[in-house]
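Survey of secondary and tertiary structure
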Amino acid sequence: MEKFIINGGKPLKGEVNICGAKNAAIAILPAILLVKGTCRIENLPNISDVKKYIEVLQELGVKITYESPNEIFVENTEVNSTKCLFEKCRKMRASYYLLGSLLGRYKSVEVPFPGGCDFGTRPIDQHIKGFTALNAQVTLEDGIIKANAKKLVGTSIYLDVVSVGATINILLASVLAEGTTFIENAAKEPHIVDLANFLNAMGANIKGAGTDTIKIQGVKELPGNTAYSIIPDQIEAGTFMIAAAATGGDVIVKNCIPKHLDSLTSKLIEMGITVEEMGDSIHVKCDKRPQKATIKTLPYPGFPTDMQPQMAVLLSIANGTSILTEGVWENRFQYVSELQKLGANIRIEGRSAIIEGVKNLTGSFVNSPDLRGGAALIIAGLAAKNVTEVYNLDHVDRGYENFEQKLKNLGAKIERVKVE
Ligand code: UD1
C-alpha cells in the first residue's frame, strides 16, 4: 500500500497538461471488439483502469500492443470466448460494457454483475431494457448477466433515467444490429460523443450523439483500419482548476476542451475566482477567499457529479454557507467524514451537504474512499496548513495519470511513500 504525504498551504503555480479522458477510454476499449480490421488508439490515459481493461481484452484473445504508454495498436479483435468470468473482469465496473460490445458482435455474452465505486445502489435495469428491446434475452443468475440473441433488431428505446452507462451499452449493442435504433433521453456527456465519433471513424453510422436522441443506423461491419485520438479528460482538467483555486494559485490547464467545463467555470467565476479560456487552455487564478455557492449535480451539461467531492473542498474554505446537492447518485458523500478530520464544517441533510466555510483546513490523516473522493482529499491536503497523509492511493491511480508529478511541477510538496 502507498500514501501521499502532503506539506500543504502552498499556492499551485504554472502549467499542467491534461491526459485523455478515462471515461471515454474505457468505453472505446470494449468498442474495439466491434471492429473487424485493425485500429490505433491514441491519447489513452496511462492509468490503472485503462491498463486493466487492456489486460482483460488481451485475456479474451484480442491482439493489442503498446506503441507508447499512451497509444495502442489493435491487430485482431477476435475473442476466444464471450464468457468474461475471470477475476480481472469481476473487479472492474466498466467490464459491463463488454455486454454491449460482445452481444453486438457475437450475439452472446456472459459478464459478472458490475462492482466499482460505492455510491449506493447502482442498478442496470436501463441497460437490460435496451438489450431486450433490441431482441436479446437477458438473464441474471448468481451474479452473472447473460445476454443472447439470434439477431439484434433496431428499435426505439426511451431511457427512464438519463444513464451514461446504458446509453453507451445500447450504442455498442446496436451498431451492428439490423435496421435503425433510436436512443431517446440519451446521456449527452462528452465521452458519449467521443465513443460515437470513434465508432463512426471505424465505419458505423451514428447521428445525434451529444443530443437527447441518438440515431444508429445498423451497418454490416466496422472495417476499422484507422487511428483515433481520445478527447481530453474534463474531470482531470476540472480537478486541477479546483486545486488551483483552493490553494490560492495561478495555473494554466492546457490541452483541454473549455466548453466541456462550462458548468464548473461559471460556478468558479460566480465564487469570485478568475477563469479565462484561451483556445484549448483555461487559466485559473485565485487571489482572495472564494465566496459561497449553491450547486446541484446533474447529467451533462449540468454540474458533473464527478466534480462534486473536489468542489466540496473549495466550498469548505469559501466565505459563507454553501449548499451542495447530489442529483445523480444516491449516496456520494463518503469523503465527508475524512474532510471533517481536516476541520471542514459540513453536515449532510438528505442528498445535500451544508458547508459552513472555514478560514483554513489543517492537516490530518485521511483515507481515500473512492476515485474522486480521493482527489478531493488530495486537494484538501494541498490547501491545508501543515501535513496531510492520504491513504488508499489505488483509487486515485485508477483515474489520474502521474498525479503527484503534475502537482509537483506546479510547486506542490507531495511525496508518494510505501506504507509498511
Ligand atoms: C458514469 C461514470 C461515473 C459518473 C456517472 C454519472 C463511467 C465509467 N462512469 O457512471 O463516473 O459518476 O456516469 O455521470 O463513465 N441508473 C439507473 N438504472 C440504470 C443505470 C443507471 O437507475 O440502468 C441510475 C444510477 O443509479 C444513477 C444514475 O442513473 O443514479 C446515473 O447513472 P449512470 O449515468 O448510468 O452512471 P454510470 O454510467 O454507472
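Predicted, not measured: the structure shown is a model, and the values here were computed from it. (Residues numbered from 1 in each chain as written. Predicted model: local features only at pLDDT ≥ 70, side-chain atom pairs only at ≥ 80, totals over all residues. Heavy atoms only, no water.)

Attention now moves to the pairing of strand 7 (residues 137-141). Of the strand pairs in this sheet, strand 7 and strand 8 (residues 144-148) are connected by five bridges, and their pairing is antiparallel. The partner of L140 across the bridge, within strand 8, is I145. Here strand 7 folds back onto strand 8 in antiparallel fashion, the turn holding two residues, of which D142 has a positive phi close to 50 degrees. (Pairing = 2+ DSSP bridges. Helix = DSSP H or I, 4+ residues; strand = E, 2+ residues; numbered from the N terminus.)

Turning to the environment of N148, a few remarks are in order. With respect to the helices and strands, the residue N148 is situated in strand 8. For the pair N148 and K107, spaced 41 residues apart in sequence, the C-alpha separation works out to 5.4 Å. With residues near it in sequence (within four places) discarded, N148 still touches L103, K107, S108, V109, N135, A136 and Q137. Among the polar contacts listed, one links the side chain of N148 to the side chain of S108, at a separation of 3.0 Å. (Contact = heavy atoms within 4.5 Å. Polar contact = N/O pair within 3.5 Å; in protein donor to acceptor, adjacent residues only side chain to side chain.)

Once that is clear, we can look at the sheet that holds strand 18 (residues 321-325). Strand order in the open sheet formed by four strands is 17-18-20-19, with mixed pairing between adjacent strands. Every other strand in the sheet has two partners, leaving strand 17 (294-296) and strand 19 (345-349) as the edge strands with one partner each. Within this sheet the neighbouring strands show an average axis-to-axis angle of 15 degrees, counted without direction. Two strands pair when backbone bridges link them, and strand 19 and strand 20 (residues 352-356) are joined in this way by five bridges, in the antiparallel orientation. Counted as the bridge partner of I346 is I355 from strand 20. (Axes fitted to C-alpha atoms, helices over the stretch in contact; angles between N-to-C directions.)

Here the focus is the packing of helix 8 (residues 234-246) against helix 10 (residues 308-316). Relative orientation of the contacting elements helix 8 and helix 10 amounts to 10 degrees, with a least axis distance of 10 Å. Of the possible angle classes, the one that applies to helix 8 and helix 10 is roughly parallel. Mapping the contact onto sequence places I235, T239, I242, A245 and A246 in helix 8 and Q310, M311 and L314 in helix 10. Within the contact of helix 8 with helix 10, the residues separate by chemical class into six nonpolar, two polar and no charged. (Parallel < 35°, antiparallel > 145°, perpendicular 65-115°, else oblique. Nonpolar A, V, L, I, M, F, W, Y, C, P; charged D, E, K, R; others polar.)

Ranked by internal contacts, the top residues of the largest apolar core, which has 76 residues, are L98, F198 and L199. Sorting elements by how many residues they give to this core places helix 1 (residues 22-31) first, with seven residues. Ignoring anything within four residues of it in the chain, the contact list for L199 reads A31, L34, V175, A204, I206 and L222. The next biggest cluster of nonpolar side chains, apart from the first, holds 69 residues, and it includes V284, F303, I317 and A412. (Core = buried A, V, L, I, M, F, W, Y, C linked by side-chain atoms within 4.5 Å. Buried < 20%, exposed > 50% of the residue type's maximum accessible area, 1.4 Å probe, protein only.)

Note on interface size: it is often stated as the accessible area lost on association of the parts. Each domain of the chain was delimited in the assignment, giving domain 1 (2-19 + 232-418) and domain 2 (22-229). Between domain 1 and domain 2, the C-alpha centre-to-centre distance is 30 Å. Facing 22 residues of domain 1, the contacting portion of domain 2 comprises 20 residues. Around 1800 Å² of area is buried between domain 1 and domain 2 when both sides are counted, 52% of it from carbon and sulfur atoms. Where domain 1 meets domain 2, there are one salt bridge. Between D49 and R398 there is a salt bridge, and its shortest N-O distance comes to 3.1 Å. In the side of domain 1 that touches domain 2, the residues fall into eight nonpolar, five polar and nine charged. (Domains from an automatic or database assignment. Buried area = accessible area lost by both parts, 1.4 Å probe. Salt bridge = Lys/Arg side-chain N within 4 Å of Asp/Glu carboxyl O.)

Time to look at the site of the ligand. Near the ligand, the surroundings consist of 23 residues, among which Q126, S163, V164, D306 and V328 are the closest. Contacts to the ligand include S163, whose side-chain N or O atom sits 2.6 Å from an oxygen atom. Residue V164 places a main-chain N or O atom 2.7 Å away from an oxygen atom belonging to the ligand. In the complex, 85% of the free accessible area of the ligand, which totals 740 Å², lies under the protein chains. Among the elements of the structure, helix 1, helix 5 (125-133) and helix 6 (164-174) are those that each provide at least two residues to the shell around the ligand. In terms of residue count, helix 5 provides more of the shell around the ligand than any other element does, three residues in total. Here the residues of the shell around the ligand sort into 10 nonpolar, eight polar and five charged. Two domains each provide a minimum of three residues to the shell around the ligand, namely domain 1 (2-19 + 232-418) and domain 2 (22-229). (Near = heavy atom within 4 Å. Areas by Shrake-Rupley, 256 points an atom, 1.4 Å probe, with all protein chains shown as cover.)

Turning our eyes to something else, we now look at the layout of surface pockets. Each pocket or cavity is described by its volume, and for the second largest pocket that value is around 270 Å³. What lines the second largest pocket is a set of 19 residues, among which A246, T247, G248, I317 and A383 lie closest to the centre. Counting only elements with at least two residues in the lining of the second largest pocket, the list comes to helix 8 and helix 12 (371-383). Classifying every residue of the lining of the second largest pocket gives nine nonpolar, four polar and six charged. (1 Å grid on protein atoms, 1.4 Å probe; cavity = no way out; pocket = protein on both sides within 12 Å on 5 of 7 lines; lining within 4 Å. Points joined across faces, edges and corners; volume = space filled by probe spheres on them.)

Looking now at helix 7 (residues 190-202). Compared with an ideal rise of 1.5 Å per residue, which puts 13 residues at 18 Å, helix 7 spans 18 Å between its outermost C-alpha atoms and is within 8% of the ideal. Taken from the residues just after helix 7, G203 is the one with a positive phi, measuring 125 degrees. (Expected span 1.5 Å × (residues − 1).)

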